[in-house]
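The chain contents come next:
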Amino acid sequence: MDPNYSKCWSASKKESWKNILLLAYQSLGVVYGDLSISPLYVFKSTFAEDIHHSETNEEIFGTLSFVFWTLTLVPLFKYVFIVLRADDNGEGGTFALYSLICRHAKVSLLPNRQVADEALSTYKMEHRPEKKSSSRAKLFLEEHKSLHTALLILVLVGTCMVIGDGVLTPAISVFSAVSGLELSMSKEHHQYAVIPITCFILVCLFALQHYGTHRIGFLFAPVVLTWLLCISSLGLYNIFCWNQQVYKALSPYYMFKFLKKTRKSGWMSLGGILLCITGSEVMFADLGHFSYDAIQIAFTFLVYPALILAYMGQAAYLSMHHDASSQISFYVSVPEIVRWPVLIIAILASVVGSQAIISGTFSIINQSQSLGCFPRVKVVHTSNKIHGQIYIPEINWLLMILCIAVTIGFRDIKHMGNASGLAVMAVMLVTTCLTSLVIILCWHKPPILALSFLLFFGSIELLYFSASLIKFREGAWLPILLALFLVTIMFVWHYATIKKYEYDLHNKVSLEWLLALGPSLGISRVPGIGIVFTNLTSGIPANFSRFVTNLPAFHRTLVFVCIKSVPVPYVPPAERYLVGRVGPPAHRSYRCIVRYGYRDVHQDVDSFESELVDKLANFIRYNWSQSPVNFDSVNEDGGSRSSEGRLAVIGMLASDFDLEESVRPESVSISFPTVNSVSDVIEMENVGVVDKRVRFAIDEPKSDSESEFGETFAADALLQEELQELFEAQQAGTAFILGHSHVKAKQGSSILKRLAINYGYNFLRRNCRGADVALKVPPVSLLEVGVVYIV
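- Taking an unreviewed UniProt entry as the reference, the protein chain is identified by name as Potassium transporter belonging to Rhododendron simsii.
- Quoted verbatim from the Sequence similarities (unreviewed entry) field of UniProt, the annotation for the protein chain is "Belongs to the HAK/KUP transporter (TC 2.A.72.3) family."

### Topic: the overall build of the protein chain
- Looking only at helices and strands, the protein chain features 25 helices and twelve strands.
- Out of the 791 residues in the protein chain, the part that is buried amounts to 56%.
- Within the protein chain, counting contacts between residues at least 6 apart in sequence, those at least 24 apart form 83% of the total.
- Approximately 34,200 Å² of the protein chain is accessible, and the part contributed by carbon and sulfur atoms is 61%.

### Considerations on the packing of helix H11 (residues 264–273) against helix H17 (residues 447–469)
- Look at H11 against H17: their axes get within 7 Å of each other, and the N-to-C directions meet at 100 degrees. Here H11 is positioned roughly perpendicular relative to H17, judged by the angle of their axes. On H17, the residues touching Trp267, Met268, Leu270, Gly271 and Ile273 of H11 are Leu463, Tyr464, Ser466, Ala467 and Ser468.
- Residues that form the contact of H11 with H17 fall into these classes: seven nonpolar, three polar and no charged.

### Details of the packing of helix H4 (residues 58–80) against helix H10 (residues 253–262)
- It is at 8 Å that the axes of H4 and H10 come closest, and there the two elements cross at 130 degrees. It follows that H4 is oblique to H10 by the angle criterion. Pair H4 / H10 crosses with left-handed handedness. Each of Glu58, Glu59, Phe61, Gly62, Thr63, Ser65, Phe66 and Trp69 in H4 lies in contact with H10, whose residues at this interface are Tyr254, Met255, Lys257, Phe258, Leu259, Lys261 and Thr262.

### Thoughts on the environment of Cys442
- Checked against the element boundaries, Cys442 lands in the loop between helix H16 (413–441) and H17.
- Note on Cys442: relative accessible area 1%, which makes it buried.
- Measuring from C-alpha to C-alpha, the distance between Cys442 and Leu97 comes to 10.0 Å, with 345 residues separating the pair along the chain.

### What about the pairing of strand E3 (residues 524–533)?
- Where E3 lies against strand E4 (residues 553–565), eight bridges are found, and the strand directions are parallel. Of the residues in E4, the one forming a bridge with Val532 is Phe560.
- Relative to strand E11 (residues 734–744), E3 runs parallel, the two sharing four bridges. For Val532, the partnering residue across the bridge sits in E11 and is Ile737.

### Concerning the packing of aromatic side chains
- Taken as a whole, this structure holds 22 aromatic pairs when the rule is applied.
- Aromatic pair Phe362 and Tyr391: ring centres 6.0 Å apart, planes at 85 degrees, arrangement edge-to-face. Of this pair, Phe362 sits in helix H14 (residues 339–370) while Tyr391 sits in strand E2 (residues 390–391), placing them 29 residues apart in sequence. Like Phe362, the residue Tyr391 is buried in the burial classification.
- Between Trp513 and Phe544 the ring centres are 6.4 Å apart and the planes differ by 90 degrees, which places this aromatic pair in the edge-to-face class. Of this pair, Trp513 sits in helix H19 (residues 511–516) while Phe544 sits in helix H20 (residues 542–550), and the two are 31 residues apart along the sequence.
- Cluster of aromatic residues (ring-pair linked, three or more members): Trp513, Phe544, Phe547, Phe554 and Phe560.

### Looking at the pattern of salt bridges
- Using the criterion set out here, one finds 13 salt bridges in the structure.
- Measuring nitrogen to oxygen at the nearest pair gives 2.5 Å for the salt bridge that ties Lys78 to Glu461. Within this pair, whereas Lys78 is found in helix H4, its partner Glu461 is found in helix H17, the two being separated by 383 residues in sequence. Side by side, Lys78 and Glu461 carry an identical accessibility label, which is buried.
- One salt bridge connects Asp88 with Arg103, and the closest N-O pair in it is separated by 2.9 Å. With Asp88 in the loop between H4 and helix H5 (94–104) and Arg103 in helix H5, the pair connects residues that are 15 residues apart, well separated along the chain. Of the two residues, Asp88 and Arg103, both sit in the buried class.
- Where salt bridges share partners, they join Glu58, Glu59, Lys257 and Lys261 into one cluster.

### Looking at a nonpolar patch on the surface
- Together, Ile448, Leu449, Leu451 and Leu455 line one region of the surface with nonpolar side chains, adding up to about 390 Å² of accessible area.
- Along the chain, Leu455 turns up in helix H17.

### A few points about the pairing of E11
- Summarising the sheet, E11 and strand E12 (residues 782–790) pair through nine bridges and their orientation is parallel. When the bridges of E12 are listed, Ile737 appears paired with Leu783.

### Some thoughts on H17
- The largest bend along H17 measures about 30 degrees and falls at Gly458.
- Burial in H17 covers these residues: Ala450, Phe453, Phe457, Gly458, Ile460, Glu461, Tyr464, Phe465, Ala467 and Ser468.

### Points about the nonpolar core
- Within the largest apolar cluster, 170 residues are counted, with the highest numbers of intra-cluster contacts made by Tyr32, Leu40, Leu71, Trp227, Phe299, Tyr311 and Phe330.
- Excluding residues within four positions of it along the chain, Leu40 makes contact with Ser173, Ser176, Ala177, Trp227, Phe330, Tyr331 and Ala346.
- The next biggest cluster of nonpolar side chains, apart from the first, holds 28 residues, and it includes Val561, Cys592, Tyr596 and Leu719.

### Remarks on unusual backbone geometry
- Although it is not a glycine, Asn57 sits at a positive phi angle of roughly 65 degrees.
- Taking relative accessible area as the criterion, Asn57 reaches 10% and is therefore assigned buried.
- For Arg411, which is not glycine, the phi dihedral falls at a positive 65 degrees.

### Quick word on the side chain of Ser749
- Mapped onto the fold, Ser749 is located in the loop between E11 and helix H24 (751–767).
- Within the structure, Ser749 has its side chain in polar contact with the backbone oxygen of Lys746 (distance 2.7 Å).

### Side note on the environment of Ala715
- Relative to the helices and strands, Ala715 resides in helix H23 (residues 713–732).
- The sequence separation of Ala715 and Ser625 amounts to 90 residues, and the corresponding C-alpha distance is 8.9 Å.

### What about the state of the cysteines?
- One pass over the full model with this rule turns up zero disulfides.
- Sulfur of Cys160: no disulfide; nearest cysteine sulfur belongs to Cys373 and is 9.8 Å away.
- Its sulfur unpaired, Cys442 is 9.8 Å from the next cysteine sulfur, which belongs to Cys102.

### Some thoughts on the side chain of Ser269
- Here Ser269 is to be found in helix H11.
- Only 2.6 Å separates the side chain of Ser269 from the backbone oxygen of Gly266, close enough to count as a polar contact.

### A few points about the environment of Lys124
- The residue Lys124 is located in the loop between H5 and helix H6 (132–143) in this model.
- You can call Lys124 exposed: its relative accessible area is 53%.
- Taking C-alpha positions, Lys124 is 9.9 Å from Leu100, a pair spaced 24 residues apart along the chain.
- Filtering out sequence-adjacent residues up to four positions away, Lys124 remains in contact with Asn89 and Arg103.

### Some thoughts on the confidence of the model for the protein chain
- Mean pLDDT over the protein chain: 80, with 82% of residues reaching 70 or higher.
- Note on residues 1–14: pLDDT is under 50 here. Beyond four places in sequence and across chains, it has 31 contacts.
- Taken as a whole, residues 627–643 scores under 50 in pLDDT and shows 30 contacts with residues more than four places along the chain or in a different chain.

How each quantity is defined
- Residues numbered from 1 in each chain as written.
- Predicted model: local features only at pLDDT ≥ 70, side-chain atom pairs only at ≥ 80, totals over all residues.
- Heavy atoms only, no water.
- UniProt positions renumbered as here; feature names shortened; annotations may be inferred.
- Helix = DSSP H or I, 4+ residues; strand = E, 2+ residues; numbered from the N terminus.
- Buried < 20%, exposed > 50% of the residue type's maximum accessible area, 1.4 Å probe, protein only.
- Contact = heavy atoms within 4.5 Å.
- Areas by Shrake-Rupley, 256 points an atom, 1.4 Å probe, with all protein chains shown as cover.
- Axes fitted to C-alpha atoms, helices over the stretch in contact; angles between N-to-C directions.
- Parallel < 35°, antiparallel > 145°, perpendicular 65-115°, else oblique.
- Nonpolar A, V, L, I, M, F, W, Y, C, P; charged D, E, K, R; others polar.
- Left-handed = near helix turned anticlockwise from the far one by under 90°.
- Pairing = 2+ DSSP bridges.
- Phe/Tyr/Trp six-rings, centres within 6.5 Å; stacked < 30°, edge-to-face > 60°.
- Salt bridge = Lys/Arg side-chain N within 4 Å of Asp/Glu carboxyl O.
- Patch = residues over 30% accessible without salt bridge, like charges linked within 9 Å, V, L, I, M, F, W, Y side chains within 5 Å.
- Bend = angle between axes of the 7 residues up to and from the residue.
- Core = buried A, V, L, I, M, F, W, Y, C linked by side-chain atoms within 4.5 Å.
- Polar contact = N/O pair within 3.5 Å; in protein donor to acceptor, adjacent residues only side chain to side chain.
- Disulfide = S-S within 2.5 Å.
- pLDDT = per-residue confidence, 0-100.

This is the structure:
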């Protein structure tokens, strides 16, 4: 991973036209691979059975009109000009929209929100004035807890449909490209050749995933560019050669004429027409790798015209070849002299398009895992230079098996198209609904504007969705079945994660209990560092109290580590660690909160132990450089309560500030315009606990003279002593203390809850990666404490 966390583009600097055009060219291979190969199967899937190509050409012209206006309204108007602007720090996708909504309204189900998170540089909020109507919508959404659950389920459905698209797109793309052999082979040979060749290409495609795409990624853009130039050239050739009046079919009049003649059959055939916009969602999902201008230019000036010309060329050819109605496909409109080169380019383009959706599936599963919505799986970062290129072995082989099963099971484009079309429309509907909320909550626009956006684009997508849904028995059942299965897994995992967090919150131990532990109680401190992993951002976890109760000893240096996800795409490494004391300095106990965004890969540190010790050492230096300040939190009644100590953001100072030559480029606390360091963090929602209003004290900057006269030799000696003890503890060894949990539903719980918790969640927990593997804990240093959660 790039240690500087550099992105492909910088939003803070105005890009030159040269850089924008270069990014637009690079986006062809990553963003538009899936969308550009749709001409291979749209007409063939549309005319599969529902409608027939007649002498009047009303069907073919009506289909072309539908394709033109669908491409114009959905990818061009909706995505390029509206949805792409709903980015989250330059990132797009379903979770980007959900993250934006969660930051502007308290709708997240996981109650681990901290005030300190709002000081992150990527946690920027919109500063437009909030209108009364927007405020009322926000309050309504926050007050109804059922809407929070419904919003999460909506996001999970969109996520699962993307995963389903990751199964269907490689199958239909490669199968459609290989099916061009039917014009060069006899029917008997073609029947036994296309399926094996398709399966062989799919096996090779998935087998090469663990190498990553950075080695051959430079070939993707030339392949897609060649393909786009190829289909646009073929389109122009067919238009001028066969029917120069085909442009008249772009009039919306032909859509109404088409539906008037075909009626129900025409409506059902829309399930094939909608395949022309497969891959449109990728423009938004991959926004983080490119700029808005680059994607807009590439689609508007190259991809969109090339696709329109390709469809017009096919329609022009078919309008003059009615005898070929039984063989409506892309390849019949290709001149025989260039058919083989076009076939090879089509197969390469289908592989590139499949690669894009596979990589997108890995990415969205990693995001789901980061937000606690997916069981733990192994995530491998395949590139040290390019951030975001990941590989998930379990998911890769599962996708390969499902792709091959779809290819062998369906054996034709019609059923694959019905399944793929429903998945595509479901994702687009979810994006439309979430964007409507962003328009109100984040952009502070009038609700009537959001409602207009929802009704206009939602009605178009519902029309296509209904046409796909009516073909439930003809292939559309597959994405629905996959979505139900995956949504159940993800929701059960997320529900159990929330319940475990609430249990930890109820059963956490007070700070006074920890400070009271000592030789008088028979408790001894042993050499070394004890790293206690917990989900809590404050308080002492119950698993540590059970550990001390059964083994009356703990390490001289104690660190409570919480690894949490923040609703932002990335957390810069310089702002990742939030470190503070637990108790007085003499107790040698610390708290470290490690924050990740939903697009971060949690394996960016080879040795977490060494990184943690460095951050603790830097915190100790920073802490002793400050004069003691009383960080008391005051509640509503005016009384004070003890605090664990302030939490400071520890990062690379040299990368964030211009240092004077006399200052060493060490890691110290990063200062923010609003908050330098805060005292004890609070939970967003303490279940069963009365909410309190908390005030945070802010460090006042000291002058140089005060610092020079305020420092004493005693403070310097204490600093050196604490650092020496930390490094000696590191040499003595580190123990990682994790909770080995078993979750059980409470007595009297509903049958559905008992099934979900006692069987569903525990089965997933036993068969997924353990927390020790996900955290890269050395087995020889692992101590597991059994904890039974009664939820």
